[in-house]
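Fold and geometry: a report
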Amino acid sequence: MYGMLQASSDTEPYWYGMGEDGKSVVKQLGAKDALVTGIEGLAAREYVAGCSAEGYICLADAGALWVVTEAGSQKVLSWQEQGYYWDTLYGLAPGPAGATYLLGQLDEEKILISLCFTKEKPVTKKQEVVIALTTQNTALQDVVADFNRKSSKYCVKIMLPEGAENHTLSDDMFVKQTQFREKIQMELSAGRGPDILGDDVLVDAESLAVNGYLERLNRQEFQNGQQLEAVFESGMIGDICYGIPYDFTLDFAAYRAQDVEGVTGWSMQDLMERVRKSDAKALEKGLGGKEIVVNYALTDVTNTEYIDWENGVSHLTEGPFLEVLAFAKEYAGDGVKAQLSEQEYFAVSYSKIPMYALTEMKNLYDKLEGDVKVLGYPHTQEMGIYVNARVFYVNSQSAQKKGAVEFLKYLLSEQAQTKYATHDFLKDVSNSGGFFTGTPAYFPVNKAAMETLIRQEQKKDKQNGYMANDGTFVYLIPPYTEEQLEGFRSMIENAKPKSRNISKIQGMVYEELEPYFRGSISAEEAAEKLDNRCQLFLDERGN
């Protein structure tokens, strides 16, 4: 139980809190049934309640305000749309002159706001800009609220699939997301749709761009030297800027320094020779043969040995690729080889779950026992380190293009990127009771915001320890080392955008190579089938 509510001495008292099922509950004192329970979207673990000056029972969390009556609950206000994304709420209560007050903390400042309840629909002079996403992103909501509070002209709203805001996992959420994508596609085809489109709602951004549904953007209008170059390349389709990246993850491979001594960059042939000369029994834990082929051999689109993307010629039936197939089969790390000791694997990579948090640098050094060298995947231009960026596109048919561009410019600013990257996602998870359908913020694209994030992570080290009697500080979790931090900085400076072509052929690669890795057909047979399909793909795309 969090507290008691009573509008006046003439009304019945209620208690409010969280039930045994982890859901919010408001119940009249002594009553058998709850007045309301399990309000959708309300953070059951951290909300405040009070009675308004008008006698309404009100519940509020960081995202919204609800009014509760005998008929049920109604969401009456989105803080985000009003320009508030609260760090903490302290209370809600009636005040003098018929006003209702809410006290909270926003950006480390205490703020007291006055609420007026009316049945009249509020009139806003701001122009509405709508962003479509398939998954809740509370860090983005924080930035949107900040923009809305500061902008006198625009109000940004986020559109999600039904149920995506309710903070809990849903069995049918995947179905709803698919239906949501289909709905957006139909809207675009009819000349409508949201103003800003997240890449997660688009099945094929390249096709939409070619057919004129995505707005061409002036790259120089957004890029001012403060953004990471490789990340910004992710928004390019051909030579044209269509998308604006707002965060990213890293996909790379690392090795024990003693196994790759003297190597600064390598080809697939170099890697295969090193692995064979080592004591390793598998390339990487849990990585099957098909994944080895894609991640280590084919992802480098500048390598013409396997596929010449520029000239549109597939070489997948030739000797170099057949050697890759044999290597991948011999050193696959799935099946029984997934149970080997860590020392029996040659590499650690972030292909299945990309690196999205700085703490993964500590985990990487733990896996390789501190003996780490990040070379990335094989690449003709030294290190194959790739960025996977999340990108926003502007609907070419939007009536609010100027508002969309203004928000995206703000999103790339140091202030917004810092707020975004340092948002406390774990608090969101805790408030939801441990089940959360949202996504955390990944690495910021702004360089200054990245340095702020690194400093914040270093400060957390001091929270994971204590001062011993002799005056020395004892860390419960080892702090970041300069080697780890400089290694991370080096990675993001040397990273490259991943080609869209790889995701387009990945399905056919897996499909045609599966029988070979099962032992059903020979490498030559698998290579020929894959080569035919790949060449057809190259021909159809006009190379």
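If you're wondering where the values come from, they're calculated on a predicted model, not measured in any experiment.

Before going further, it helps to spend a moment on the packing of aromatic side chains. A full pass over the atoms with the stated rule returns 24 aromatic pairs. Cluster of aromatic residues (ring-pair linked, three or more members): Tyr2, Tyr16 and Tyr47. For Lys290, the ring lying beneath its charged end belongs to Tyr510, and the centroid distance is 5.8 Å. Above the face of the Tyr480 ring, Lys362 is positioned so that its terminal group lies 4.2 Å from the ring centre.

A few words on the pattern of salt bridges. Enumeration over the complete set of coordinates arrives at 27 salt bridges. One salt bridge connects Lys504 with Glu206, and the closest N-O pair in it is separated by 2.4 Å. Remark: Glu206 occurs in helix α4 (residues 205-210) and Lys504 occurs in helix α16 (residues 500-518); sequence separation between them is 298 residues. Residue classification places Lys504 among the partly exposed residues on the basis of a relative accessible area of 33%. Judged by relative accessible area, Glu206 falls into the partly exposed class, the value being 24%. The shortest N-O distance in the salt bridge between Asp461 and Lys362 comes to 2.8 Å.

The residue Thr439 is located in the loop between α13 (425-431) and β25 (443-444) in this model. Owing to a relative accessible area of 11%, Thr439 belongs among the buried residues under this scheme. Among the polar contacts made by the side chain of Thr439, one reaches the side chain of Arg390 at a distance of 3.0 Å. Leaving out residues up to four positions away in the same chain, Thr439 has contacts with Thr135, Gln136, Asn137, Thr138, Arg390 and Phe425.

As a further point, take the pairing of strand β18 (residues 253-256). Where β18 and strand β22 (residues 345-349) come together, 3 bridges link them in antiparallel fashion. Following the sheet pairing, Ala253 is matched in β22 by Ser349. As judged from the 3 bridges shared by β18 and strand β23 (residues 372-374), these two strands associate in the antiparallel manner. Bridged to Tyr255 within β23 is Lys373.

Bringing the environment of Asp142 into the picture now. Along the polypeptide, Asp142 turns up in helix α2 (residues 138-150). Here Asp142 is in contact with Tyr85, Lys419 and His423, once residues within four sequence places are set aside. A distance of 3.1 Å separates a polar atom in the side chain of Asp142 from a polar atom in the side chain of His423.

Of the strand pairs in this sheet, strand β12 (residues 127-132) and strand β13 (residues 154-159) are connected by 6 bridges, and their pairing is parallel. Note on β13: the bridge partner recorded for Glu128 is Cys155. Between the parallel pair β12 and β13, the chain is carried across by α2, and the sense of this crossover is right-handed.

Take the nonpolar core next. Within soluble globular proteins, side chains that are nonpolar generally end up buried alongside one another. Residues Phe248, Leu250, Phe252, Phe407 and Phe488 are the most contacted members of the largest nonpolar core, which totals 82 residues. With 7 residues, the top contributor of residues to this core is helix α11 (residues 401-412). Contact partners of Phe407, with chain neighbours within four places excluded, come to Ile131, Leu140, Val144, Phe147, Val156 and Ile196. Membership of the second largest hydrophobic core comes to 47 residues, among which are Val260, Leu283, Val293 and Tyr386.

Okay, the sheet that holds strand β6 (residues 57-60) next. Spatially, 4 strands are ordered β5-β6-β7-β8 in an open sheet, and the strand pairing comes out antiparallel. Both edges of this open sheet fall to β5 (48-51) and β8 (72-78), since each of them pairs with a single strand only. Across the sheet, the mean angle from the axis of one strand to that of its neighbour is 25 degrees, orientation sign disregarded. Sheet topology places strand β7 (residues 64-69) next to β8; 6 bridges connect them, and they run antiparallel. The partner of Val68 across the bridge, within β8, is Ser73.

Attention shifts here to the state of the cysteines. Counted according to the given criterion, the structure contains 0 disulfides. The thiol of Cys116 is not disulfide-bonded; the next cysteine sulfur, from Cys58, is found 12 Å away.

Conventions we followed
- Residues numbered from 1 in each chain as written.
- Predicted model: local features only at pLDDT ≥ 70, side-chain atom pairs only at ≥ 80, totals over all residues.
- Heavy atoms only, no water.
- Phe/Tyr/Trp six-rings, centres within 6.5 Å; stacked < 30°, edge-to-face > 60°.
- Lys NZ or Arg CZ within 6 Å of the ring centre and 35° of its normal.
- Salt bridge = Lys/Arg side-chain N within 4 Å of Asp/Glu carboxyl O.
- Helix = DSSP H or I, 4+ residues; strand = E, 2+ residues; numbered from the N terminus.
- Buried < 20%, exposed > 50% of the residue type's maximum accessible area, 1.4 Å probe, protein only.
- Polar contact = N/O pair within 3.5 Å; in protein donor to acceptor, adjacent residues only side chain to side chain.
- Contact = heavy atoms within 4.5 Å.
- Pairing = 2+ DSSP bridges.
- Right-handed = clockwise from strand over helix to strand, strands pointing away.
- Core = buried A, V, L, I, M, F, W, Y, C linked by side-chain atoms within 4.5 Å.
- Axes fitted to C-alpha atoms, helices over the stretch in contact; angles between N-to-C directions.
- Disulfide = S-S within 2.5 Å.

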